[in-house]
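A structural walkthrough
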Amino acid sequence: MAAIVGCAAYIPRWRISAQEYVTAWGTFSGGGVRAKAVADADEDAVTMGWEAARRLLPEAADRRRVRALYFASTTPPYRVGTSAATLAAMLGLREDVSVYDLTTSRRSGLAALRLALQDASGRTGAGGPAEADDWILVVAAENPAAAPGSDLEHGLGHAAAALLVGSRGPAPVIWDGGSTREYLGGIFLRDEDGSLQQQAVSSYTDHGDETLLRPLITALRGACGDGFPRVAVMLAHREPARVARLGARLGLAEEQIRPCTVTAAIGDTGAAAALLELQLVLETAAPGTHVAVLAWHGGAAADGLALRVTGPVLVPQDGAISGQLEGGAQLTYVRYARLQGYLAARGR
Amino acid sequence: MGAHISIPLYQRAIPQRYRLEAGRCRGCGHINFPPKGVCAACRKSAEFEPVSLNGRGRVHTFTRVSAMGAPPEFLQYVERRGPYWVGIVELEEGPRVVAQLVVPDDRQPYIGQPVRMVLRRLYEEDGVIRYGYKFETLDHHAGDGTEG
C-alpha cells in the first residue's frame, strides 16, 4: 500500500512577530498567527524547496531512486515556466524523472501528496505501479506576498516541505478524497492586480468551508468506521484561531481536532501548510496512530488524506520541524518591509 | 529587451552552479573547479572524471561589499538586504571558490569558519533568474572577529 516514507522541512530563520505589526499598523490580522517566517531576499519557492529536499535526501544515490517529482506552489518563480525541472536539475535527479508543477491553488501541496500516493499505488501516472526501489518526491514551497498593510498580508509566512512516497512505508494511506464546488470566496490573484486579494466576508467564508468539508468528513468517517473518534484530524486552516470552531461545526470531537501549531508559529504558508502540519504530527506519532489532514482553498476545493502510522517515519535531524519553529533573527517591521521589497528605491 | 545570455555557456555551467560538479584530472588526480579545459595542476591532461564536491569547506578570506560597490545586477538584492559578504571558500576537496557568503543574523564571518553550500538566486538577467551556489556560514560562536 502506498505510504509516506519520510519528510523534511525548511523554515527560513527570519521571524517577524505579530507584535511588530501592531507597532507598525496598530493591528494584526493573522487570526491566531503569533509570528511568521520570512524568506531571505535571495530565496524563492525553488531554493526553499531544494533546501527541504536536500535535507530529506542528502545522498546522491538516494536521489537516483526518485522516479517522479511533484512540485506545488502558488508562488513559482516563473508564472509560466518549469520550476519542477529546475528543482530536479538542482537535486541531480535522474534524467528520466517525471516532473509535475501544481500551481494556482493554495491546497495544491496536499493535492500533490494525494497524486504522488496514487501514482505510487499505480492508480494514476504514466509509470504504472512503482518498483519496490522507486520513490516519488513531493515538494511544496511558498513565499507569498500581498499588498503591504492589507489584512491578508499579515498572516502570510514562508517555508517549504518535502515528502518521500513509496509503494510501502511506515505511514500507509488508508483513505483519500476530494470535494469541489464553485464558490465566491477565498484568496485569488489576477495578473493585472499583481498582488493577492481576498473576498473578505468571514461569515460566508466559514459557511463555505463548512459546506465544502462536510462531505469529506462524512467520507472519512465511513472509511474509518468505529475507529473514527481515535483519528487525529488536522484542518489546515490559514487562520489557526478558527480551527476549533470549524471542527465543532463539522461534528468533530474536541479531543480529535489538532491545532494548526506550525501555522501559528510561522504563518500561513499556503501550499506547504498542510504538509508541514502533517510532518509535525508524524515526527512524534506512536505506531497505531491514525491521522487525517484536510486542506482547502477558500470554499471552492478541498483534499483529504488519512494515514495509519505503523513505524517511525524518516525525518532527518536538520529537517525536523520541532527544531525550526522558533527560528533565529527577529525582524523589525521596517527591516521586514525592506526585505520584502516594499521599501525598494523607485525611478532608477 | 534582447537577450544577451549565451545559452551554451548557461547550460554548460548548470552542473557546477547547481551541484558543484568538478573535474578530476585523469593524469594527476587534481580536482579542477570550476572544470577547466586543461588541468590547472599538471597542465598536461585534458581528460577529466566528473565528481560532485560535498559543499563543505572553510572561509579562506572574506570582504564586505557595500551598496555602492555592488555590480548592477545585485542592485535589487542590495536594496532589500544591504551590504553583503563575499569570500574565498576552501572546499574540503581542495578547490578554492569565490562566492557570496550567506551569514545568518548578519554576524561578521571569520577566517577558518566552516561553511556549507546553499542554492540561492544570484541575480536576474534579461528576465532569467540565475540560480547558483553561495556558502552559508556555520558555527558562529567560535569566531574571533578577524577581518579578512
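Refer to the structure above for everything that follows.
The structure contained in this document is the topic of the report that follows.

The rules behind the values
Residues numbered from 1 in each chain as written. Chains lettered and ligands numbered in written order. Predicted model: local features only at pLDDT ≥ 70, side-chain atom pairs only at ≥ 80, totals over all residues. Heavy atoms only, no water. Helix = DSSP H or I, 4+ residues; strand = E, 2+ residues; numbered from the N terminus. Contact = heavy atoms within 4.5 Å. Areas by Shrake-Rupley, 256 points an atom, 1.4 Å probe, with all protein chains shown as cover. Lys, Arg positive; Asp, Glu negative; His and termini not counted. Charge placed at Lys NZ, Arg CZ, Asp CG, Glu CD. Pairing = 2+ DSSP bridges. Core = buried A, V, L, I, M, F, W, Y, C linked by side-chain atoms within 4.5 Å. Buried < 20%, exposed > 50% of the residue type's maximum accessible area, 1.4 Å probe, protein only. Buried area = accessible area lost by both parts, 1.4 Å probe. Salt bridge = Lys/Arg side-chain N within 4 Å of Asp/Glu carboxyl O. Polar contact = N/O pair within 3.5 Å; in protein donor to acceptor, adjacent residues only side chain to side chain. Nonpolar A, V, L, I, M, F, W, Y, C, P; charged D, E, K, R; others polar. Axes fitted to C-alpha atoms, helices over the stretch in contact; angles between N-to-C directions. Phe/Tyr/Trp six-rings, centres within 6.5 Å; stacked < 30°, edge-to-face > 60°. Parallel < 35°, antiparallel > 145°, perpendicular 65-115°, else oblique. Left-handed = near helix turned anticlockwise from the far one by under 90°.

1. Some words on the overall build of chain B
Scanning chain B from terminus to terminus reveals two helices and eight strands. Reported as C-alpha extents along the three principal axes, the dimensions of chain B are approximately 45 × 45 × 20 Å. The contacts in chain B between residues at least 6 apart in sequence include a share of 53% that link residues at least 24 apart. Element-wise, carbon and sulfur atoms account for 52% of the exposed surface of chain B, whose accessible area totals about 7,700 Å². Between the averaged position of the 20 positive side-chain charges in chain B and that of its 17 negative side-chain charges there is a distance of 4 Å.

2. As for the sheet that holds strand β1 (residues 21-25) of chain B
Residues and elements named next belong to chain B. The strand order β2-β1-β3 describes an open sheet built from three strands, whose pairing is antiparallel. Of all strands in the sheet, those bounded by a partner on one side alone are β2 (31-32) and β3 (48-52). Relative to β3, β1 runs antiparallel, the two sharing five bridges. Paired with Cys-25 across the two strands is Phe-48, which belongs to β3.

3. Digging into the nonpolar core
The biggest cluster of nonpolar side chains holds 57 residues, and the ones touching the most others in it are Leu137(A) and Phe135(B). It is helix α2 (residues 45-56) of chain A that contributes the most residues to this core, seven residues altogether. Residues in contact with Leu137(A), not counting those within four places in the same chain, are Ala53(A), Leu56(A), Leu57(A), Val66(A), Ala68(A), Leu69(A), Tyr70(A), Leu91(A), Leu163(A) and Leu164(A). With 49 residues, the next largest nonpolar core counts Ala9(A), Ala111(A), Ala140(A) and Leu282(A) among its residues.

4. Topic: the interface of chain B and chain A
Contact with chain B, which involves 24 residues of that partner, is made by 31 residues of chain A. Roughly 2,400 Å² of surface becomes buried between chain B and chain A when both sides are summed, with 51% attributable to carbon and sulfur atoms. Run the count over chain B and chain A and you get six salt bridges. One salt bridge in this structure joins Arg121(B) and Asp44(A), with 2.6 Å as the shortest N-O distance. Taken together, chain B and chain A are joined by 12 residue pairs in polar contact (both at pLDDT 80 or more). For the side of chain B that touches chain A, a count of residues per class yields 12 nonpolar, two polar and 10 charged.

5. Side note on the sheet that holds strand β6 (residues 96-102) of chain B
All names here are of chain B. Read once around its circumference, the closed barrel built from five strands follows the order β4-β5-β6-β8-β7, with strand pairing classed as mixed. Mean inter-strand twist for the sheet, computed between neighbouring axes without regard to direction, equals 45 degrees. Pairing of strand β5 (residues 84-91) with β6 involves six bridges; the strand directions are antiparallel. Considered in β6, the bridge of Glu-90 is made with Arg-96. Relative to strand β8 (residues 128-137), helix α1 (residues 7-19) is tilted by about 25 degrees, and along the sheet it contacts β7 (114-125) and β8.

6. Section: the packing of aromatic side chains
Taken as a whole and assessed by the stated rule, the structure comprises 13 aromatic pairs over all chains. Judged by centre distance (5.7 Å) and plane angle (55 degrees), the ring pair of Tyr333(A) and Tyr336(A) falls under tilted. Remark: Tyr336(A) and Tyr333(A) occur in helix α11 (residues 333-339); sequence separation between them is three residues, near one turn of the helix. Across the pair, exposure class does not vary: Tyr333(A) and Tyr336(A) are buried alike. Consider the rings of Phe74(B) and Tyr84(B), whose centres lie 5.8 Å apart with planes at 35 degrees: the pair is tilted. Here Tyr84(B) lies in strand β5 and Phe74(B) lies in the loop between β4 (56-65) and α2 (75-81), a separation of 10 residues in the sequence. Note on Tyr84(B): relative accessible area 5%, which makes it buried.

7. Describing the packing of α2(A) against helix α4 (residues 83-91) of chain A
Residue and element names in this part refer to chain A. It is at 10 Å that the axes of α2 and α4 come closest, and there the two elements cross at 45 degrees. One finds that α2 runs oblique with respect to α4. Here α2 and α4 pass one another in a crossing that is right-handed. Between α2, through Val-46, Gly-49, Trp-50, Ala-53 and Arg-54, and α4, the contact on the second element is made entirely by Ser-83, Thr-86, Leu-87, Met-90 and Leu-91. Looking at side-chain class alone, the contact of α2 with α4 contains six nonpolar, three polar and one charged residues.

8. Comments concerning unusual backbone geometry
Residue and element names in this part refer to chain B. Omega for the bond connecting Phe-33 with Pro-34 falls within 30 degrees of zero, at -5 degrees, which places this linkage in the cis form. As for its placement among the helices and strands, Pro-34 is situated in the loop between β2 and β3. One non-glycine residue with positive phi stands out, namely Leu-20, at about 50 degrees. Locating Leu-20 in the fold gives a position in the loop between α1 and β1.

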